[in-house]
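# Inside the fold
For reference, the chains in residue letters:
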Amino acid sequence: MRLSRYFLPVLKEAPSDAQIVSHQLMLRAGMIRQEAAGIYAWLPLGLRVLNKIEQIVREEMDRAGAIELLMPTIQLADLWRESGRYDDYGDEMLRITDRHKRELLFGPTAEEVVTDIFRASIKSYKDLPKNLYNIQWKFRDERRPRFGVMRGREFFMKDAYSFDLDADGARKSYNRMFVAYLNLFARMGLKAVPMRADTGPIGGDLSHEFIVLAETGESAVFCHKDLVEMPAPGPDLDWINGDLHPIVNQRTALYAATEEMHDEAAFNALPEGDRLSARGIEVGHIFSFGTKYSEPMKATVQGPDGQQVPVQMGSYGVGVSRLLGAIIEASHDEGGIIWPESVAPFDVGIVNMRQGDAACDAACETAYNALKAAGRDVLYDDTDARGGAKFATMDLIGLPWQLIVGPKGIAEGVVEIKNRKTGERHTASLDSVLDGLTKSKTA
């Protein structure tokens, strides 16, 4: 993409009401624009990151055996009355009446809709287990929307729902999602710690939040320090028939709890050097809630003995749009965002230091075409802006690599390459730089 043709409305200063770093940088980098309190338009740069995060989530859900569908944003109030949640959910639910006086709502979550879909089609235990997931916009009418996409009213979310015959099967489904979450967050460059959590309005008695540690986190968290450095399990697992409980137990055996579930005595019983208290950002939340929805909504299957059995259910959420904020909070410096390569909007930024110079233009065109042919996402700054402004923009938007082409270097047969994360720069021939950038894409 040529910057001269792109839409990138960067700002020199963040609006005064942007309180945290991620909100400030997303506005300054031209990723989002506020349309109303807690509601944002996603501009091209932000949408590219959102799409990459969504795809990682999709790949890890598919790997773990979940099946994607797409449920509506507008839901029937009657379904929520069946489950008993319509009146209990509170003011966060945006309730709507259509022209036919039917009561509807903008879904904050989708347990009722997916249970209705399940009960209409699955009748036998032989068709279990099932895990259906949905990546869709949700709406919760927050009393005080703040912190940009971290606590907005409209948000993009992956929600998965498991259906099993019995508690043992439900726990296996829960473990699959627990492990899948460890992998998907690691792919985004995040160290997400699973912590015991309150089940809230979703219900049930088994729940974990996945927390990214950050100074600007919204709540206090407490954990064993080993959890922060524990590597992700990786994809090479038997997701369907394997026993994933040892992986889950390795983490849940160590102390980790959100502020609501914190046990001060148990935490203080740890050796002082193993205790870690910090601020954290929730990026995922998983629940196992048994028959909370299947019983009132009569989502039953015929069991092996011929009797009708309400299915055991769980739900598993990932805040896809919230993850952008969390990644920025965990990875930035005074110059701007530092994107992990897996979710960066572009892999490489080409900076033409003298637009209109024949040699610089030719080298940039060669690099641009070669990188695109190798499958790299490239942003080519072919504008007439000053060099300092170009560097500031590239640092602000946080592309992993900057390829800098100037007349002096071209005269000497070299270009400069900068690693945004480390700040390291070195010069080399254009061919060798392109060779390194294309190889790192295929590695």
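Throughout what follows, the structure given in this document is the object of discussion. As the structure is a prediction and not an experimental result, all values here were calculated from the model. (Residues numbered from 1 in each chain as written. Predicted model: local features only at pLDDT ≥ 70, side-chain atom pairs only at ≥ 80, totals over all residues. Heavy atoms only, no water.)

## Notes on the overall build of the protein chain
Filter applied, for reference: Working definition: helices are DSSP H or I runs of at least four residues, strands are E runs of at least two. Numbering for both runs from the N terminus. The globule rule is 2.2 Å times the number of residues to the power 0.38, and the radius of gyration it is compared with is taken over C-alpha atoms. By the convention used here, residues are in contact when the closest approach between their heavy atoms is within 4.5 Å. Note on areas: these come from Shrake-Rupley sampling with a 1.4 Å probe, and a residue is covered only by the protein chains present in the view.
A count of helices and strands for the protein chain gives 13 helices and 23 strands. For 443 residues, the compact-globule estimate of 2.2 N^0.38 gives 22 Å, and the C-alpha radius of gyration of the protein chain, at 24 Å, lies within 12% of that figure. When the backbone C-alpha atoms are referred to their principal axes, the protein chain occupies close to 80 × 60 × 40 Å. Sequence-distant contacts, at least 24 apart, represent 72% of the contacts inside the protein chain between residues at least 6 apart. Per element, the accessible surface of the protein chain, about 19700 Å² overall, is 48% carbon and sulfur.

## Things to note about the state of the cysteines
As used here, a disulfide is simply a covalent bond connecting the sulfur atoms of two cysteines. Rules: Our working definition of a disulfide is a cysteine sulfur pair at a distance within 2.5 Å.
Inspection of every chain in the model, using the stated rule, returns 0 disulfides. No disulfide involves Cys364; its nearest neighbouring cysteine sulfur is the one of Cys360, lying 6.4 Å away.

## Notes on the environment of Ala29
Relative to the helices and strands, Ala29 resides in the loop between helix H1 (21-28) and strand E1 (32-36). As for Ala29 and Thr393, which are separated by 364 residues in sequence, their C-alpha atoms are 7.9 Å apart. Setting aside its immediate chain neighbours within four residues, Ala29 contacts Leu8, Val10, Leu45, Ile337, Leu396 and Ile397.

## Some remarks on the pattern of salt bridges
Here is the rule we go by: What makes a salt bridge here is a side-chain nitrogen of Lys or Arg within 4 Å of a carboxyl oxygen of Asp or Glu, nothing more.
Evaluated as defined, the whole model comprises 29 salt bridges. With its nearest N and O atoms 2.9 Å apart, the salt bridge here joins Lys52 to Asp377. Taken together, the positions of Lys52 in helix H2 (residues 44-63) and Asp377 in the loop between helix H10 (358-373) and strand E20 (378-381) put the pair 325 residues apart, joining distant regions of the chain. With a shortest N-O distance of 3.8 Å, Glu341 and Arg376 are connected by a salt bridge.

## Digging into the packing of aromatic side chains
Counted only if it meets this: Note on ring pairs: Phe, Tyr and Trp rings are taken, using the six-membered ring of Trp, and paired if centres are within 6.5 Å. Classes follow the plane angle, with under 30 degrees stacked, over 60 edge-to-face and the rest tilted. Working rule: Lys NZ or Arg CZ, within 6 Å of ring centre, within 35 degrees of ring normal, means a charge sits over the ring.
Summed over the entire model, instances satisfying the criterion amount to 14 aromatic pairs. Note on Tyr6 and Phe346: the rings are 5.7 Å apart at their centroids and 80 degrees apart in plane angle, and the pair reads as edge-to-face. Linking Tyr6 in the segment before H1 with Phe346 in the loop between strand E18 (336-337) and strand E19 (348-352), this pair joins segments that are 340 residues apart in sequence. Ring centres of Tyr181 and Phe185 lie 5.8 Å apart, and the angle between their planes is 85 degrees; this geometry places the pair in the edge-to-face category. Residue Tyr181 and its partner Phe185 are located together in helix H5 (residues 167-187), separated by 4 residues, close to a single helical turn. The side chain of Arg81 reaches across the aromatic face of Tyr86, ending 4.5 Å from its centre. Over the face of the ring belonging to Tyr86 we find Arg95, whose NZ or CZ atom lies 4.7 Å from the ring centre.

## Some points on the pairing of strand E6 (residues 103-106)
Convention followed: For two strands to be treated as a pair, DSSP must find at least two bridges joining them.
The sheet contact formed by strand E4 (residues 74-76) and E6 spans 3 bridges and is antiparallel. Along E6, the bridge assignment pairs Ile74 with Phe106. Note that strand E5 (residues 94-97) and E6 share 4 bridges and pair antiparallel. Bridge assignment links Arg95 to a residue of E6, and that residue is Leu105.

## Re the packing of H5 against helix H7 (residues 245-252)
The cut-off we apply is this: Helix axes are fitted to C-alpha atoms over the stretch in contact, other axes to C-alpha atoms as well, and angles between N-to-C directions run from 0 to 180 degrees. For classification purposes, angles smaller than 35 degrees are called roughly parallel, those larger than 145 roughly antiparallel, those between 65 and 115 roughly perpendicular, and all remaining angles oblique. By convention, the crossing between two helices is left-handed when the near helix turns anticlockwise from the far helix through less than a right angle, and right-handed when the turn is clockwise. Following the grouping adopted for this structure description, the nonpolar residues are Ala, Val, Leu, Ile, Met, Phe, Trp, Tyr, Cys and Pro, the charged ones are Asp, Glu, Lys and Arg, and the polar ones are all others, Gly among them.
At a minimum axis separation of 9 Å, H5 and H7 run at an interaxial angle of 70 degrees. When the axes of H5 and H7 are compared, the pair comes out roughly perpendicular. Handedness of the H5/H7 crossing: left-handed. For the pair formed by H5 and H7, the contact residues are Arg171, Asn175, Phe178, Val179 and Leu182 on the first element and His245, Ile247, Val248, Arg251 and Thr252 on the second. Residues that form the contact of H5 with H7 fall into these classes: 5 nonpolar, 3 polar and 2 charged.

## Let's talk about the environment of Arg196
Here is the rule: A 1.4 Å probe rolled over the protein chains alone gives each residue an accessible area, and that area as a share of the maximum for its type sets the label: buried under 20%, exposed over 50%, partly exposed in between.
Following the sequence through the fold, Arg196 ends up in strand E9 (residues 192-196). Looking at Arg196, the relative accessible area reads 37%, which means it is partly exposed. In this structure, the C-alpha to C-alpha distance between Arg196 and Arg99, residues 97 residues apart in sequence, is 44 Å. Ignoring anything within four residues of it in the chain, the contact list for Arg196 reads Ser207, His208, Ala256, Ala257, Thr258 and Met261.

## Examining the nonpolar core
Just so we agree on the cut-off: We call a set of buried Ala, Val, Leu, Ile, Met, Phe, Trp, Tyr and Cys residues a nonpolar core when their side-chain atoms join them within 4.5 Å.
Judged by nonpolar contacts, the single largest core of 71 residues is most densely connected at Ile53, Phe185 and Met188. For this core, the element with the highest residue contribution is H5, accounting for 9 residues. Those residues within four positions of Phe185 in sequence are excluded, and the remaining contacts are Leu190, Ala192, Phe210, Val283, Gly284, Val318 and Leu323.

## Focus: the side chain of Arg153
Counting through the fold element by element, Arg153 comes out in the loop between strand E7 (130-139) and strand E8 (154-164). Judged by relative accessible area, which is 17%, Arg153 ranks as buried.

## With respect to helix H9 (residues 320-330)
Judged by how many residues are buried, H9 sits mostly within the fold: 10 of 11 residues are covered. Residues Val320, Ser321, Arg322, Leu323, Leu324, Gly325, Ala326, Ile327, Ile328 and Glu329 constitute the buried set of H9.

## Here's the deal with unusual backbone geometry
A cis geometry characterises the amide bond from Leu128 onward to Pro129, with omega recorded as 0 degrees. The residue Pro129 is located in the loop between helix H4 (111-121) and E7 in this model. The backbone phi angle of Lys101 is positive, close to 65 degrees, even though this residue is not glycine. By the element assignment, Lys101 lies in the loop between E5 and E6. At Phe147, a residue that is not glycine, the phi angle is positive and equals roughly 65 degrees.

The analysis is restricted to geometry; functional conclusions fall outside its scope.
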